[in-house]
Amino acid sequence: MKLIAPLLLSLALAMPALAAPPTDEGAASALNERIAALDGQVFDAFNRCAEPGQLERHASFFAEGVEFYHDQGGVTWNRDDMLANTRRYVCGHFRRELVPGSLRVYPVKGFGAIAQGVHRFCQTGADRCEGAADFLIIWQRDGERWLITRVVSYGHRAL
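Residues numbered from 1 in each chain as written. Predicted model: local features only at pLDDT ≥ 70, side-chain atom pairs only at ≥ 80, totals over all residues. Heavy atoms only, no water.

Draft legend 1. View of the state of the cysteines. What the rule picks out here adds up to 2 disulfides. One disulfide in the model links Cys49 with Cys91; its S-S distance is 2.1 Å. For the disulfide bridge between Cys49 and Cys91, the dihedral angle about the S-S bond is near -130°, and by the sign convention the bridge is left-handed. Separated by 42 residues along the polypeptide, Cys49 in the loop between α2 (25-47) and α3 (54-59) and Cys91 in the loop between α4 (79-89) and β3 (94-98) bring together distant segments of the chain. In this structure, Cys49 and Cys91 share a single accessibility class: buried. One disulfide in the model links Cys122 with Cys129; its S-S distance is 1.8 Å. A torsion of 70° about the S-S bond marks the disulfide between Cys122 and Cys129 as right-handed. Taking relative accessible area as the criterion, Cys122 reaches 1% and is therefore assigned buried. On the basis of relative accessible area, Cys129 is assigned to the buried category, the value being 18%. Ordering the disulfide-forming cysteines of the chain by sequence position, one finds them joined as 1-2, 3-4. (Disulfide = S-S within 2.5 Å. Helix = DSSP H or I, 4+ residues; strand = E, 2+ residues; numbered from the N terminus. Buried < 20%, exposed > 50% of the residue type's maximum accessible area, 1.4 Å probe, protein only.)

Next comes the structure, spelled out in structure tokens:
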């Protein structure tokens, strides 16, 4: 009995640390809205990158040292190489659409956020989309500015 009382006291003191942290639904909602808006902006420029100024607009969302991991295309280690690939393989060829309801946003304490979801790819000028993939985007917050530091695009598949 003498051992049980200290054990129960230790357990009682540890309970608050074991409990799930409280969530601030307002902050989570604001973060979701912000990242969803940024996703819309970055891919609006992506989808229009063949138009004057849009590739530069697209570039403005990415950190210079962005890492882009693509399961079929390999890895790029900086913004310039990533944009060269975008110019070569995307602009004027296809557009990206976020699958409605697939975007999930997770805060990264002291850094920014992780965006996860599914997107599909559609040929430019076509009404149907032929491919889809999963994605993970790491956003870093610097004051009021948000920059993409990592992108993982994987699980590419035909629709």
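Draft legend 2. Seen up close, the environment of Ala45. Mapped onto the elements, Ala45 comes out in helix α2. For Ala45, a relative accessible area of 0% gives the class buried. Between the C-alpha atom of Ala45 and that of Leu55, which follows or precedes it by 10 residues, the distance is 6.5 Å. Those residues in contact with Ala45 that sit more than four places away from it in its chain are Gln54, Arg57 and His58. (Contact = heavy atoms within 4.5 Å.)

Draft legend 3. Representation of the nonpolar core. Among the nonpolar cores identified, the biggest contains 26 residues, and Ile35, Phe61, Phe62, Ile137, Trp139, Trp146 and Ile148 are the most heavily contacted of them. Sorting the residues of this core by element identifies α2, α3, β1 (62-70), α4, β5 (112-123), β6 (129-142) and β7 (145-158) as the ones contributing at least two each. For this core, the leading source of residues is α2, giving 6 residues. (Core = buried A, V, L, I, M, F, W, Y, C linked by side-chain atoms within 4.5 Å.)

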